[in-house]
Amino acid sequence: MKALKAISAALALPILIVLVWWFATLNETNPFVPKPGQMVTDLFTVWVGPLMAEQVGPSLYRLAVGLGAAIIVGIALGLLIGASRLARALTGPAFEFIRAVPPPVLLPVLLLIMGIDDRSKIFLIFLGCLWPILLNTIDGVRSVDSVLADTTKTYGMHGWARFRWFVFPAALPRIMTGIRLALPISIILMVVSEMYAALDGLGYRIMLFKQTFQMGPMWAGILIIGLIGILMAGLFRLVERRVLAWYYGQREMEKQ
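Not measured: the values here are computed from a predicted model.

Another point: helix H6 (residues 118–142). In this model, H6 (25 residues) spans 36 Å end to end at C-alpha, consistent with the 36 Å of a helix rising 1.5 Å per residue. For H6, the principal kink sits at Leu 130 and spans about 35 degrees; a proline, Pro 132, occurs within the next four residues. Along H6, 20 of the 25 residues are buried, which leaves the element largely enclosed by surrounding structure.

Structure below.
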């Protein structure tokens, strides 16, 4: 019953938006205005099939590699830098400067250095996703409870054991926040890089449909991007609930 209420609450607003959209475009004759029925039809008639594997597959590969590398590097560097006051002081200004540069601006430079193949797109996704994960990890390590930190030292917990069983779990909620922030960034950079520097992928195909005035398939491609975002958010929520089960359990106990 509780799960049914949660699903109903989650679907109520999307259903309402689709209904309003449907009736608002019912008698619309402008071919550039998307209609929900036509989008679904084009999704199945144009995208579902060989085109899905040919265009969506490469996009998901670039997204997975770029985001996965950002998660690994961001967490590893964040834990090391966050644990050292000297490292934070040395890297802080440089990180803030690099973070302020929008990753899409670097795309022309990456194309000149790496070429038009997957390397430039993967690196762009990696670069854009790295900063929220890295900075949240550093902040998570810095904000560990000082009383608990002193307690671990008192009980003789040092070195790798302290890092593994105290620092990392304490920083994990902030780390997961950084990954959550990186998810939409990865999708945006995937599409942007493919729109301007690719021969396949979702972004490339959407631009091709737009340039050939195939508005229905173009909007259906945009719908696929949104569905990928929903799927990623749902999977992340499941992983987060499992990884941070102890954290949410502690919060529930505090509320009681």
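We now examine the side chain of Lys 121. The topology assignment puts Lys 121 in helix H6. Within the buried set, Lys 121 has no salt-bridge partner at all; the shortest N-O distance to an opposite charge, 4.8 Å, is to Asp 118. Leaving out residues up to four positions away in the same chain, Lys 121 has contacts with Arg 62, Ile 116, Ser 193, Glu 194, Ala 197 and Ala 198.

Going through the model one piece at a time under the given rule, you end up with six salt bridges. Arg 174 is paired through a salt bridge with Asp 139; the nearest N and O atoms lie 2.1 Å apart. In this pair, Arg 174 is assigned in helix H8 (residues 159–196) and Asp 139 in helix H6, connecting sequence segments 35 residues apart.

The next thing to look at is the nonpolar core. Among soluble globular proteins, nonpolar side chains are generally buried collectively. The biggest cluster of nonpolar side chains holds 52 residues, and the ones touching the most others in it are Trp 47, Leu 202 and Ile 228. Of all the secondary-structure elements, those providing two or more residues to this core are helix H2 (36–47), helix H3 (50–82), helix H5 (107–114), H6, H8, helix H9 (202–211) and helix H10 (215–243). Among the elements that line this core, the one with the most residues is H8, at 13 residues. Dropping the residues within four chain positions of it, Leu 202 is found in contact with Trp 47, Gln 55, Val 56, Ser 59, Met 190, Glu 194, Gly 221, Ile 224, Ile 225 and Ile 228.

A separate point is the environment of Leu 107. Here Leu 107 lies in helix H5. Through-space distance from the C-alpha of Leu 107 to that of Phe 126 is 12 Å; in sequence the pair is 19 residues apart. Residue contacts for Leu 107: discarding those within four places in its chain leaves Leu 124, Val 192, Ser 193 and Tyr 196.

A contiguous nonpolar surface patch, about 630 Å² in accessible area, is contributed by Leu 11, Ile 15, Leu 19, Trp 22, Phe 23 and Leu 26. In this structure, Leu 26 sits in the loop between helix H1 (2–24) and H2. Judged by relative accessible area, Leu 26 falls into the partly exposed class, the value being 47%.

Looking at where Arg 62 falls in the secondary structure, it is placed in helix H3. Overall, the relative accessible area of 3% leaves Arg 62 in the buried class. A polar atom in the side chain of Arg 62 sits 2.7 Å from the side chain of Glu 194. Leave out the neighbours within four places in its chain, and Arg 62 touches Asp 118, Lys 121, Ile 122, Ile 125, Glu 194, Asp 200 and Gly 201.

We now examine the confidence of the model for the protein. Averaged over every residue, the pLDDT of the protein is 84; residues scoring 70 or more account for 91%. H3 holds the highest mean pLDDT among the elements of the protein, 91, whereas helix H11 (residues 245–255) holds the lowest, 69.

Turning next to the environment of Phe 236. The residue Phe 236 is located in helix H10 in this model. By relative accessible area, Phe 236 is classed as buried at 11%. When the C-alpha atoms of Phe 236 and Ile 179 are compared, they prove to be 8.8 Å apart, with 57 residues separating the residues in sequence. Among all residues touching Phe 236, those that are not within four sequence positions of it are Met 176, Ile 179, Arg 180 and Leu 183.

Our next topic: the packing of aromatic side chains. The description of two aromatic rings rests on the distance between their centres and on the angle between their planes. In total, this model carries two aromatic pairs according to the counting rule given. Ring plane angle 75 degrees and centroid distance 5.8 Å describe the contact between Trp 47 and Phe 209, whose orientation is recorded as edge-to-face. Here Phe 209 lies in helix H9 and Trp 47 lies in helix H2, a separation of 162 residues in the sequence. A single burial state applies to Trp 47 and to Phe 209, both of which are buried. Judged by centre distance (5.8 Å) and plane angle (35 degrees), the ring pair of Phe 123 and Phe 126 falls under tilted. Of this pair, Phe 123 and Phe 126 both sit in helix H6, separated by three residues, roughly a single helical turn.

Cut-offs used in this document
- Residues numbered from 1 in each chain as written.
- Predicted model: local features only at pLDDT ≥ 70, side-chain atom pairs only at ≥ 80, totals over all residues.
- Heavy atoms only, no water.
- Helix = DSSP H or I, 4+ residues; strand = E, 2+ residues; numbered from the N terminus.
- Expected span 1.5 Å × (residues − 1).
- Bend = angle between axes of the 7 residues up to and from the residue.
- Buried < 20%, exposed > 50% of the residue type's maximum accessible area, 1.4 Å probe, protein only.
- Lys, Arg positive; Asp, Glu negative; His and termini not counted.
- Salt bridge = Lys/Arg side-chain N within 4 Å of Asp/Glu carboxyl O.
- Contact = heavy atoms within 4.5 Å.
- Core = buried A, V, L, I, M, F, W, Y, C linked by side-chain atoms within 4.5 Å.
- Patch = residues over 30% accessible without salt bridge, like charges linked within 9 Å, V, L, I, M, F, W, Y side chains within 5 Å.
- Areas by Shrake-Rupley, 256 points an atom, 1.4 Å probe, with all protein chains shown as cover.
- Polar contact = N/O pair within 3.5 Å; in protein donor to acceptor, adjacent residues only side chain to side chain.
- pLDDT = per-residue confidence, 0-100.
- Phe/Tyr/Trp six-rings, centres within 6.5 Å; stacked < 30°, edge-to-face > 60°.

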